[in-house]
Amino acid sequence: MVESYYLAAFIAVSALATFATRVVPFLFFEKHTDHPLVKHIGRFLPAAVMALLATVFLQRSSGWQGQLPGADALIPAFLVIAIHLWRRNALLSIAAGTITYMAIQQTGLLLGAL
């Protein structure tokens, strides 16, 4: 019985902390949206985060030993780039890359090459 209260309290505190971390930046930056630093961060941070995510993905999600090193991650990555340059639609390019990557992983299509 005590475990249920402890678990409920833990969930409530976690939910409150998560909510606070999402709300506080909007409350703080509401008056400072015209500040040059905020504009600079808003302009360059999304691209930097995506580059970091792509680097970590290519490093950790791919098999780099084999006949075609990294092909299971590089093929979907190049597909995402090509579709995004062609259609300029982030949702379409990310969905196509994800579907391609999961198809390669689930079918073992490049298993012989890895």
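Parameters at a glance
Residues numbered from 1 in each chain as written. Predicted model: local features only at pLDDT ≥ 70, side-chain atom pairs only at ≥ 80, totals over all residues. Heavy atoms only, no water. Helix = DSSP H or I, 4+ residues; strand = E, 2+ residues; numbered from the N terminus. Rg over C-alpha atoms; globule rule 2.2 N^0.38 Å. Buried < 20%, exposed > 50% of the residue type's maximum accessible area, 1.4 Å probe, protein only. Contact = heavy atoms within 4.5 Å. Axes fitted to C-alpha atoms, helices over the stretch in contact; angles between N-to-C directions. Parallel < 35°, antiparallel > 145°, perpendicular 65-115°, else oblique. Left-handed = near helix turned anticlockwise from the far one by under 90°. Nonpolar A, V, L, I, M, F, W, Y, C, P; charged D, E, K, R; others polar. Expected span 1.5 Å × (residues − 1). Arc of directions from axis to C-beta.

To continue, consider the overall build of the chain. Of regular secondary structure, the chain possesses four helices and zero strands. What you see in the chain, going N to C, is helices and strands ordered as α-α-α-α. Taking 114 residues into account, the globule formula puts the C-alpha radius of gyration at 13 Å, and the chain, at 21 Å, lies well above it. C-alpha extents for the chain along the principal axes are approximately 50 × 50 × 25 Å. For the chain, the proportion of its 114 residues judged to be buried stands at 12%. For the chain, restricting intrachain contacts to residue pairs at least 6 apart in sequence, the fraction spanning at least 24 positions comes to 42%.

Further remarks concern the packing of helix α3 (residues 71-87) against helix α4 (residues 90-107). Helices that pack against each other are described as a pair by the angle of their axes relative to one another and the distance between those axes. At a minimum axis separation of 8 Å, α3 and α4 run at an interaxial angle of 160°. With respect to each other, α3 and α4 are oriented roughly antiparallel. Relative to α4, the crossing made by α3 is right-handed. Where α3 approaches α4, its residues Asp72, Ile75, Pro76, Leu79, Val80, Ile83, His84 and Arg87 are matched on the opposing element by Ala90, Leu92, Ser93, Ala96, Gly97, Thr100, Tyr101, Ile104 and Gln105. Of the residues belonging to the contact of α3 with α4, the class tally is ten nonpolar, five polar and two charged.

Once that is clear, we can look at unusual backbone geometry. At Arg88, a position not held by glycine, the phi torsion is positive, near 55°. Here Arg88 lies in the loop between α3 and α4. The exposure class assigned to Arg88 is exposed, which follows from its relative accessible area of 60%.

Moving on to α4. The terminal C-alpha atoms of α4 lie 25 Å apart, and with 18 residues this matches the ideal 26 Å at 1.5 Å per residue to within 8%. Considered for burial, the residues of α4 that qualify are Ser93, Ala96, Gly97, Tyr101 and Ile104. Buried residues of α4, viewed axially, fall in a sector of 125°; they line one side. For α4, the exposed residues lying more than 90 degrees away from the buried face are Leu91, Ile99, Gln106 and Thr107. Buried residues in α4 make contact with α2 (36-60) and α3. Positive backbone phi, at 70°, marks Gly108, one or two positions downstream of α4.

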